[in-house]
Amino acid sequence: MTGGATHRLPHALWHAASERYRPAGRFAWHFARGKLRHDPAFATVLARGWIRPGSRVLDLGCGQGLLASLLLAVDGLAHAPHWPAHWAPPPQGCRVHGLELMPRDVERAQAALAGHELRARVDQGDIAQAAFGAADVVVLLDVLHYLPHAGQEAVLRRVHDCLAPGGQLVLRIGDHAAGLPFRLSQLVDRIIFRARGHADSSLYCRTADDWAGLLGRHGLEVLPGRVVSGSLFANTLMLARKPGGA
Ligand SMILES: C[S@@+](CC[C@H](N)C(=O)[O-])C[C@H]1O[C@@H](n2cnc3c(N)ncnc32)[C@H](O)[C@@H]1O
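Residues numbered from 1 in each chain as written. Predicted model: local features only at pLDDT ≥ 70, side-chain atom pairs only at ≥ 80, totals over all residues. Heavy atoms only, no water.

A. Layout of the pattern of salt bridges. Counted by the stated rule, this structure contains nine salt bridges. Asp 39 serves as the salt-bridge partner of Lys 35, at 3.7 Å between the closest nitrogen and oxygen. Lys 35 gets classed as partly exposed once you look at its relative accessible area, which sits at 28%. When the shortest N-O distance is used, the salt bridge between Arg 119 and Asp 75 registers 2.7 Å. Highlighted residues: Arg 119 in the loop between helix 5 (103–113) and strand 3 (120–124) and Asp 75 in helix 4 (residues 66–76), separated in sequence by 44 residues. (Salt bridge = Lys/Arg side-chain N within 4 Å of Asp/Glu carboxyl O. Buried < 20%, exposed > 50% of the residue type's maximum accessible area, 1.4 Å probe, protein only. Helix = DSSP H or I, 4+ residues; strand = E, 2+ residues; numbered from the N terminus.)

Structure (structure tokens):
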């Protein structure tokens, strides 16, 4: 990873967040363990304090709700030795609302989060149409490129509208300018998308700079500190902020 230190979740946090998926079945549990262990986005977001304590988090295209599970786990492990001293303060007390298109992912999320619905809820819905509700942080991890360009703009308009002043957008997208790594990540994306049951695996990509420009045109200021995934993939994680607030 460039643009910052490589982050991994502390073992106890990883374990607590993935164990929650046991009632959701073997696939869900293995998937949670693998993704939470190897995808640096989760640890990066926590380490950098991109989600503040007590936030209302809207996770668009949330898959099986891994971020919601992780934020529930943070509440019980927000202290030494589980919380690294050099990380930002733990985002305790967040409430997460996830929206996900695919019913099977929603079922897995709901099985994992059962009993915690007041704090962490996942609903089935198309982010191109579903109501967003008010949020302090919107998360779009590897999702927006599935929507046609006009649909991406419409979602970003509504993201801007639903964010409180000073609210933040955490966005990860593929960088069209990254050459071979980008093409490989697109191929993997398409295979996974088909395997998940989507009928159409078209992708609507842009360069990382184009994405940043698009956010700017929708009233979201991109903050310094983009994180670029390393060796094989060309994903870029960025943080943008709606002006205003404290
Ligand atoms: C690559 S996965 C990422 C999942 C999750 N954000 C994560 O990082 O673990 C992309 C997800 O976006 C969902 N998705 C794609 N288009 C969507 C739409 N229009 N509305 C809701 N979810 C969508 C897919 O079903 C899939 O679960």
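B. Structural context of the pairing of strand 3. In the sheet, strand 2 (residues 95–100) pairs with strand 3 via five bridges, with the strands oriented parallel. Paired with Glu 100 across the strands is Gln 124, a residue of strand 3. For the crossover from strand 2 across helix 5 to strand 3, the handedness is right-handed. (Pairing = 2+ DSSP bridges. Right-handed = clockwise from strand over helix to strand, strands pointing away.)

C. Summary view of helix 1 (residues 11–19). What helix 1 keeps buried is the set Leu 13, Trp 14, Ala 17 and Ser 18. Each buried residue of helix 1 sits inside an arc of 115° when the element is viewed along its axis, so together they form one side. Taken together, the buried residues of helix 1 touch helix 2 (26–38), helix 3 (40–47) and helix 4. (Arc of directions from axis to C-beta. Contact = heavy atoms within 4.5 Å.)

D. Summary view of the layout of surface pockets. As a volume, the second largest pocket reaches approximately 220 Å³. Around the second largest pocket sit 15 residues that line it, and Val 57, Arg 95, Val 96, His 97 and Arg 121 are the ones nearest its centre. Put simply, the parts of the chain that give the lining of the second largest pocket at least two residues each are strand 1 (56–60), strand 2 and strand 3. Its residues assigned to classes, the lining of the second largest pocket shows eight nonpolar, two polar and five charged. (1 Å grid on protein atoms, 1.4 Å probe; cavity = no way out; pocket = protein on both sides within 12 Å on 5 of 7 lines; lining within 4 Å. Points joined across faces, edges and corners; volume = space filled by probe spheres on them. Nonpolar A, V, L, I, M, F, W, Y, C, P; charged D, E, K, R; others polar.)

E. Region of interest: unusual backbone geometry. The step from Ala 80 to Pro 81 runs through a cis peptide bond, and the omega angle for that step is 0°. Locating Pro 81 in the fold gives a position in the loop between helix 4 and strand 2. Located in the positive-phi region is Asp 142, a residue other than glycine, with phi close to 60°. Structurally, the position occupied by Asp 142 is in the loop between strand 4 (135–141) and helix 6 (149–162).

F. Structural view of the packing of aromatic side chains. On inspection of all chains with the given rule, the structure shows two aromatic pairs. Relative to Phe 31, the ring of Phe 27 has its centre 5.9 Å away and its plane inclined at 20°; by these criteria the two rings are stacked. Of this pair, Phe 27 and Phe 31 both sit in helix 2, four residues apart, which is roughly one turn of that helix. The side chain of Arg 37 reaches across the aromatic face of Trp 14, ending 3.9 Å from its centre. Arg 158 extends its terminal NZ or CZ atom over the ring of Phe 132, reaching a point 3.9 Å from the ring centre. (Phe/Tyr/Trp six-rings, centres within 6.5 Å; stacked < 30°, edge-to-face > 60°. Lys NZ or Arg CZ within 6 Å of the ring centre and 35° of its normal.)

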